[in-house]
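Each chain is listed here by its residues.
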Amino acid sequence: MKWRWRFRHQHSQLWADVVNAIHGSSSNEDGIPLKKEITGIWKDLVLARNDLSKAGVTEPEKLGLVNVNGQVLFSVAAFREAIAERIGVKVEVGRFEWIAWAPQKVYFFVWRILNEGIAVKTNLDRRGVFVEDKMCVLCGYSIDSMEHLMFLCPTACAVWWNIWVWIKIPTNVQIVSTMDLLEWLFNLNGSAIWKKVILVISFATLWIIWKTRNERIFDGKQSRVEVMVDKTKEESFQWIKYRSPYVSLDWERWRDFNVRDIII
Ligand SMILES: [Zn+2]
């Protein structure tokens, strides 16, 4: 949203020229250029607005505007706070800080799962989109619903089990929905930093399951559980190393989840 706002109000800057050069020839309805076939952060940012408007948040750019000494600026912190407040009632994630350790697109992704806005086959079906094969592509045994894909699918269960073992959490947790997952995380005993780390890892797990499913549908690519688990470890490592204060995080120690120096 910050970039959308800046795009409108700071046209002359070089980065705005770059966005125009890449996406310029096809503006969407509100004047922000977007070529849908070019994926990447700009597309994620532009499309995030659509998700927000579905949740009843209109003109989201305005939520982040603050007045600093007479100058109107966009504040990411103010934006997060306002969004958390608005959607918090609906999805109850307001209790979790909108920490910036996972990329914003991942937060929106989780938020969309909570609001059932993700295009799994059962959701498409409900919206009247014809889906010939409604089965889960990871196991082929059950209908492709969000709960199934993320928590009940044997592949997802195996991924989560490996993640719990990795982060040294008892593996008898019964989680059947993203809301359950958030509730459970919220009620865990542990330091705030440790909870944040677990939250980021959980988000990375959801993200990798989703990406794996899409790669199978759209690219025909198969990924084994071990590969999904490794990707989750890598992705969460990158997020925390480059987006948290813990820049000295070491990969070898992360792989063993030997992170006492950062989580105590
Ligand atoms: Zn399945």
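Note that the structure is a prediction, hence the values are computed from the model and not measured.

Comments concerning the confidence of the model for the chain
Here comes step 1: Predicted confidence across the chain gives a mean pLDDT of 74, with 60% of residues reaching 70 or more.
Here comes step 2: Within the chain, the element-level pLDDT minimum falls on helix H2 (residues 14–23), averaging 47, and the maximum on helix H8 (residues 154–166), averaging 95.
Here comes step 3: Note on residues 11–19: pLDDT under 50 across the span, and 14 contacts to partners over four residues away in sequence or across chains.
Here comes step 4: Across residues 87–98 the pLDDT falls below 50, and counting only partners more than four positions away or on other chains, this stretch makes 29 contacts in the model.

A closer look at the packing of helix H10 (residues 192–219) against helix H11 (residues 225–243)
Here comes step 1: The geometry of H10 relative to H11 is characterised by a closest axis approach of 8 Å and an angle of 130 degrees between their N-to-C directions. If you check the angle between H10 and H11, you find them oblique. Two packed elements cross with a definite hand, and for H10 against H11 that hand is right-handed. Across the interface between the two elements, Val197, Val200, Ile201, Phe203, Ala204, Thr205, Trp207, Ile208, Ile209, Lys211, Thr212 and Glu215 from H10 touch Met228, Lys231, Thr232, Glu235, Ser236, Trp239 and Ile240 from H11.
Here comes step 2: Split by residue class, the contact of H10 with H11 holds 11 nonpolar, 4 polar and 4 charged.

Section: the packing of aromatic side chains
Here comes step 1: As enumerated under the stated definition, the model contains 13 aromatic pairs in all.
Here comes step 2: Taking 5.2 Å as the distance between ring centres and 75 degrees as the angle between the ring planes, the aromatic pair formed by Phe109 and Trp207 counts as edge-to-face. A residue pair is termed long-range when its members are at least 10 positions apart, and Phe109 in helix H5 (residues 104–114) and Trp207 in helix H10 qualify at 98 residues. Each member of the pair, Phe109 as well as Trp207, is classed as buried.
Here comes step 3: Joined through ring pairs, the aromatic side chains of Trp166, Phe237, Trp251, Trp254 and Phe257 make up one cluster.
Here comes step 4: In this arrangement the basic side chain of Lys196 is found over the ring face of Trp101, its NZ or CZ atom lying 5.3 Å from the centre.

Thoughts on the coordination of the zinc ion
Metal coordination angles in their ideal form are 109.5 degrees for the four-donor tetrahedron and 90 or 180 degrees for the six-donor octahedron.
Here comes step 1: Binding of the zinc ion to the protein goes through Cys136 (SG), Cys139 (SG), His148 (NE2) and Cys153 (SG), at separations of 2.1 to 2.4 Å.
Here comes step 2: In this structure, the zinc ion is coordinated by 4 donor atoms arranged in tetrahedral fashion, with angles at the metal of 102 to 113 degrees.
Here comes step 3: In primary sequence terms, the donor set of the zinc ion follows C-x2-C-x8-H-x4-C. With Cys136 in the loop between helix H6 (121–126) and helix H7 (146–152) and His148 in helix H7, this pair connects stretches of sequence that are 12 residues apart.
Here comes step 4: Judged by its relative accessible area of 6%, His148 is buried.

Describing H5
Structurally, the α-helix is built with 3.6 residues per turn, so residues lying three or four positions apart point the same way.
Here comes step 1: Among the 11 residues of H5, 8 are classified as buried, and the element is accordingly described as predominantly covered.
Here comes step 2: Listed as buried for H5 are Val106, Tyr107, Phe108, Phe109, Val110, Trp111, Ile113 and Leu114.
Here comes step 3: One or two steps after H5, the chain reaches Glu116, where phi turns positive at roughly 55 degrees.

What to know about the environment of Lys121
Here comes step 1: Mapped onto the fold, Lys121 is located in helix H6.
Here comes step 2: With a relative accessible area of 10%, Lys121 lands in the buried category.

Some points on the nonpolar core
Here comes step 1: The biggest cluster of nonpolar side chains holds 55 residues, and the ones touching the most others in it are Met150, Trp254 and Phe257.
Here comes step 2: Looking at this core, the element that brings in the most residues is H10, giving 13 residues.
Here comes step 3: Beyond its immediate stretch of four places on either side in the chain, Phe257 contacts Trp166, Ile167, Lys168, Trp194, Val197, Ile198 and Ile201.

Focus: the pattern of salt bridges
Here comes step 1: Summed over the entire model, instances satisfying the criterion amount to 5 salt bridges.
Here comes step 2: Arg255 is the partner of Glu252 in a salt bridge, and the nearest nitrogen-oxygen pair spans 3.0 Å. Of this pair, Glu252 and Arg255 are both found in helix H12 (residues 251–255), 3 residues apart, which corresponds to roughly one turn of the helix.
Here comes step 3: One network of salt bridges, in which partners are shared, links Glu215, Lys221 and Lys231.

What counts, and where the lines are drawn
- Residues numbered from 1 in each chain as written.
- Predicted model: local features only at pLDDT ≥ 70, side-chain atom pairs only at ≥ 80, totals over all residues.
- Heavy atoms only, no water.
- pLDDT = per-residue confidence, 0-100.
- Helix = DSSP H or I, 4+ residues; strand = E, 2+ residues; numbered from the N terminus.
- Contact = heavy atoms within 4.5 Å.
- Axes fitted to C-alpha atoms, helices over the stretch in contact; angles between N-to-C directions.
- Parallel < 35°, antiparallel > 145°, perpendicular 65-115°, else oblique.
- Left-handed = near helix turned anticlockwise from the far one by under 90°.
- Nonpolar A, V, L, I, M, F, W, Y, C, P; charged D, E, K, R; others polar.
- Phe/Tyr/Trp six-rings, centres within 6.5 Å; stacked < 30°, edge-to-face > 60°.
- Buried < 20%, exposed > 50% of the residue type's maximum accessible area, 1.4 Å probe, protein only.
- Lys NZ or Arg CZ within 6 Å of the ring centre and 35° of its normal.
- Donors = N, O, S within 2.8 Å, 3.2 Å for Na, K, Ca; no water.
- Tetrahedral: all angles 85-135°; square planar, octahedral: opposite > 155°, others 65-115°.
- Core = buried A, V, L, I, M, F, W, Y, C linked by side-chain atoms within 4.5 Å.
- Salt bridge = Lys/Arg side-chain N within 4 Å of Asp/Glu carboxyl O.

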